[in-house]
Each structure stands twice: as C-alpha cells, then as structure tokens.
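Listed below, chain by chain, are the residues.
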Amino acid sequence: PGDKEFEISDKYYTDPPRKIAILPFDNLVGGNYILNSIPIPRFSDKEEDGWNWTYANRLRRFFFGHFAAREFVDIELMYVDKMLQALGILTPNDLYKIPAQELGRLLDADALIYGQVTEYKNSYYTLFAQIQIGLHVKCVSTEDGSVYFEGEHIRHDNDIRVATNPLDFIIASFQNYMSLRDVYAARASEEVVRELVIRIPIVTSFIEEEDKRIRDRINTKLSYLPTPETGTPDEDKDGNTASLSVQDKTEPVSPEEALAKEDD
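Residues numbered from 1 in each chain as written. Predicted model: local features only at pLDDT ≥ 70, side-chain atom pairs only at ≥ 80, totals over all residues. Heavy atoms only, no water.

Visitor: Just to check I follow, could you spell out the overall build of the protein chain for this structure?
Guide: Looking only at helices and strands, one finds nine helices and 11 strands in the protein chain. Looking at the protein chain as a whole, 35% of its 264 residues are labelled buried. Considering only contacts in the protein chain between residues 6 or more positions apart, those separated by 24 or more positions represent 69%. In the form shown here, the protein chain has an accessible surface area of approximately 16000 Å², with 54% of it arising from carbon and sulfur atoms. (Helix = DSSP H or I, 4+ residues; strand = E, 2+ residues; numbered from the N terminus. Buried < 20%, exposed > 50% of the residue type's maximum accessible area, 1.4 Å probe, protein only. Contact = heavy atoms within 4.5 Å. Areas by Shrake-Rupley, 256 points an atom, 1.4 Å probe, with all protein chains shown as cover.)

Visitor: I keep staring at the nonpolar core and nothing clicks. Help me out?
Guide: In this structure, F63, I113 and L135 are the most contacted members of the largest nonpolar core, which totals 32 residues. Among the secondary structure elements, those contributing two or more residues to this core are β2 (19–22), α2 (45–67), β7 (111–125), β8 (128–141), β9 (147–160) and α7 (182–197). In this view, F63 contacts I22, F25, I113, V137, V193, L196 and V197; residues no more than four positions away in its chain are not counted. (Core = buried A, V, L, I, M, F, W, Y, C linked by side-chain atoms within 4.5 Å.)

Visitor: Please clarify how a nonpolar patch on the surface should be interpreted in this entry.
Guide: On the surface, a nonpolar cluster with roughly 260 Å² of combined accessible area is contributed by I214, I218 and L222. For I218, the position within the fold is in helix α8 (residues 204–222). On the basis of relative accessible area, I218 is assigned to the partly exposed category, the value being 44%. (Patch = residues over 30% accessible without salt bridge, like charges linked within 9 Å, V, L, I, M, F, W, Y side chains within 5 Å. Salt bridge = Lys/Arg side-chain N within 4 Å of Asp/Glu carboxyl O.)

Visitor: Just to check I follow, could you spell out the pattern of salt bridges for this structure?
Guide: It is possible for side chains bearing opposite charge to pair when their charged atoms get close. All told, the structure shown has 10 salt bridges when counted by the stated rule. D108 is the partner of K19 in a salt bridge, and the nearest nitrogen-oxygen pair spans 3.2 Å. Pair noted here: K19 is in strand β2 and D108 is in the loop between α5 (100–107) and β7, with a separation of 89 residues, a long-range link. Accessibility expressed as a relative area gives 25% for K19, which makes it partly exposed. Between R213 and E210 there is a salt bridge, and its shortest N-O distance comes to 2.5 Å.

Visitor: What am I meant to see in helix α3 (residues 77–86) here?
Guide: Residue pairs three or four apart in sequence face the same way in an α-helix, which turns once every 3.6 residues. Where α3 is concerned, the buried positions are L77, V80 and L84. Along the axis of α3, the buried positions cluster into a sector of 65°, meaning they face one direction only. Seen from the open side of α3, the exposed residues pointing more than 90 degrees away from its buried face are M78, K82, Q85 and A86. With its phi angle positive at about 80°, G88 sits one or two positions after the end of α3. (Arc of directions from axis to C-beta.)

Visitor: I'm lost on the environment of G151 in this one. Help?
Guide: Tracing the sequence through the fold places G151 in strand β9. For G151, the residues in contact, after removing those within four places along its chain, are E5, F6, L135, H136, V137 and L196.

Visitor: Explain the packing of aromatic side chains here, please?
Guide: Here the distance between the centres and the angle between the planes together describe a pair of aromatic rings. Per the stated rule, a full pass over the model turns up eight aromatic pairs. Seen in terms of ring centroids, F25 and F63 are 6.0 Å apart; in terms of plane orientation they differ by 70°. Their pairing is edge-to-face. Placement of the pair is F25 in the loop between β2 and β3 (26–27) and F63 in helix α2, with a sequence separation of 38 residues. Of the residues examined, F63 reaches a relative accessible area of 0% and is grouped as buried. Between F63 and F67, the aromatic rings sit 5.9 Å apart at their centres with planes inclined by 20°, giving stacked as the arrangement. Residue F63 and its partner F67 are both found in helix α2; the two are separated by four residues, about one turn of the helix. Residue F63 shares its accessibility class with F67, and that shared class is buried. (Phe/Tyr/Trp six-rings, centres within 6.5 Å; stacked < 30°, edge-to-face > 60°.)

Scope: geometric values only; no functional claims are made or implied.
This is how it looks when you write it as structure tokens:
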C-alpha cells in the first residue's frame, strides 16, 4: 500500500447525502505509459485520448462497483453519462464549468463525486518492476457546494526477483517485463478504489431506515399469506390479494355428487 489521505467534514456526520452520483473521472497523467518517469508515446493523438478516457473510466467503474454495495442510493453510470451527453458535457473541462448545484438538480442527486487519476506509472529495472496507481476523489454537496469528504490513495504494486546466475537474471527480467501488462494495472486500480471506499464512514441511520422498511414490507406481505383457516388468497383485478374466509371456501365434491345436484 502507498500513501493515503482522507478528510471528512462535520456536515457529513450531521447531514449525510443519501443519493449520490459518480461523475466521469478525469485523467491528469494522460494516455501514455510512464516508464521510468519517461512518457512512452504509444499512440496517436486520437488513440491517446481514447486510452486517457479508458484509464479514468476503468477506475470510475471499479469505484462504482464498491460504492454500490454501500448504504447510499447510487445513480447508474449509464444514466449519468447519457444525461451529460445530452447536455453537451463531453470533456472534464466542460464538467468543471457546471456548478454542482445545477448538476445535482439535473441528476436528482444530493451529492456528486468527482475523481482524478493522479498516478498511472510503470517502472521497470530488470529485477524490479512497479505499477503505481493514484486516485483522488471528492464528494460535493449539491445544496451549497460544500465538500462532504475528500481523499487520495496511491497504490504501489511491486515485483522484486532474485537472480543468482545469468540464466536466472534473464528469466527474472522477462518475468518482470511481463508483469507490466495492463491486467496487472487493472488489479492495482481495483485495489486503489477499494481502499478509498472503505474509508467513507458508515451512515448507520441509513442502514436503520432500510431495516425498518424491510420489516414493514415483510409485515405487510405476511398479512396476506394463506393459513389453514383462511385458505389460499385470491387476487383482484388490481393485483391485490385477499384471504378467503372459511364460509367462502368451496368444498371439493365427487362426480357422483355433482350429477346428483344437477338432477335435483
């Protein structure tokens, strides 16, 4: 694990946000690999923009995956993206120009989470390789623009190998080179967002509200469940169920009894 910083405002504890939208993350390091502190231009300008978005959006989706399991009400990323696209907000610069209060009204959110990829580096020194991923997040109130919480985490994924002879040196160097593959960077990215999400304090009042809602729903549904005395519930045209009384139940009859009743 690398450096961690996380700050919580007093407002978060007194008036926590319930419904939160995670906005597209910004990438401050660009779409190129940083190899031994030197940018490696692997793509054209157009391709670099695509990879720049890919790196940032990968961390955003990882963040959403962990955040969705929390007690908050999250807004689906597709809805947020479609709304921003309809508004013509296509770049981070466009996003920063819109006040949080206005975005909150459009997205029907109590707070917005902004994210910035601060580190995305690969270092390779034959027997030592390191992947470094950094992310900064900030949760802003859509009521007054104040900050609920803000934090940053940098993850160092190190791989150190020992070589006692020339053959070991060649094999270890190749293995470290292979550890720079993008899949390892994706794993480090997932660990970064997990560390940030678990540092967001739990809002016990939201959990208690959800528990009460579940209990109330169970109690409501249980009142319509069939019992030996009431029989099987019927549904009306609106889909509501009602228990049958003992007098309303129809006793099964044999074919002979049915014919006898018709003759009568």
